[in-house]
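# Chains, contacts and geometry: an overview
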Amino acid sequence: QVHLVESGGGLVQPGGSLRLSCAASGSIPSIYAMGWYRQAPGKQRELVATISTSGSTKYADSVKGRFTILREDGKDAVLLQMSSLKPEDTAVYYCNFDSFFLSRKYWGQGTQVTVSS
């Protein structure tokens, strides 16, 4: 079992910045990927960014150059630094944990990000 605890999110004006964090605990395998997905009202959940234990990253085209995903040194945790936020970034953001060694993916409870003036 893997337990994910998310923090961050909230309301920000267009052009502003926010940071999301997610920490994993429990039975953590040595190789995994953690990241963020988001789901806006009436839309499917989509990938935002992920990072693996090797440091390999993946970003949605819509956030490249604006969002940065980082692993916290020495921790099973990731940060998502979001800048130049747009109203279309408004969504519930979900932390995700995935590993070849696990039988399923794990999800956080979700945190709301609202970009509005």
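Above this text is the structure in question.
Before going into details, it helps to say that this report is about the structure given with it.

Parameters at a glance
- Residues numbered from 1 in each chain as written.
- Predicted model: local features only at pLDDT ≥ 70, side-chain atom pairs only at ≥ 80, totals over all residues.
- Heavy atoms only, no water.
- Disulfide = S-S within 2.5 Å.
- Helix = DSSP H or I, 4+ residues; strand = E, 2+ residues; numbered from the N terminus.
- Pairing = 2+ DSSP bridges.
- Axes fitted to C-alpha atoms, helices over the stretch in contact; angles between N-to-C directions.
- Salt bridge = Lys/Arg side-chain N within 4 Å of Asp/Glu carboxyl O.
- Buried < 20%, exposed > 50% of the residue type's maximum accessible area, 1.4 Å probe, protein only.

A few words on the state of the cysteines. Across all of its chains, the model carries one disulfide by this definition. Note on cysteine connectivity: Cys22 is disulfide-linked to Cys95, with sulfurs 2.0 Å apart. Disulfide Cys22-Cys95: torsion about the S-S bond near -90°, hence left-handed. Of this pair, Cys22 sits in strand β3 (residues 18–26) while Cys95 sits in strand β9 (residues 91–98), and the two are 73 residues apart along the sequence.

Across the sheet, four strands lie side by side as β1-β3-β8-β7; this open sheet has antiparallel pairing. On the outer flanks of this sheet lie β1 (2–8) and β7 (67–71), each paired with one strand and no other. When the angles between neighbouring strand axes are averaged without regard to direction, this sheet yields 15°. For β7 and strand β8 (residues 77–82), the ladder comprises five bridges, and the chain directions are antiparallel. Bridging from a neighbouring strand, Arg71 pairs with Val78 of β8.

Right, let's get into the pattern of salt bridges. Tallied over the entire structure, the rule returns five salt bridges. In this structure, the salt-bridge partner of Glu46 is Arg38, at a minimum N-O distance of 2.8 Å. On the accessibility criterion, Glu46 (36% relative accessible area) is partly exposed. By relative accessible area, which is 5% here, Arg38 ends up buried. Each member of the salt-bridge network shares a partner with another, and the members are Arg38, Glu46, Arg66 and Asp89.

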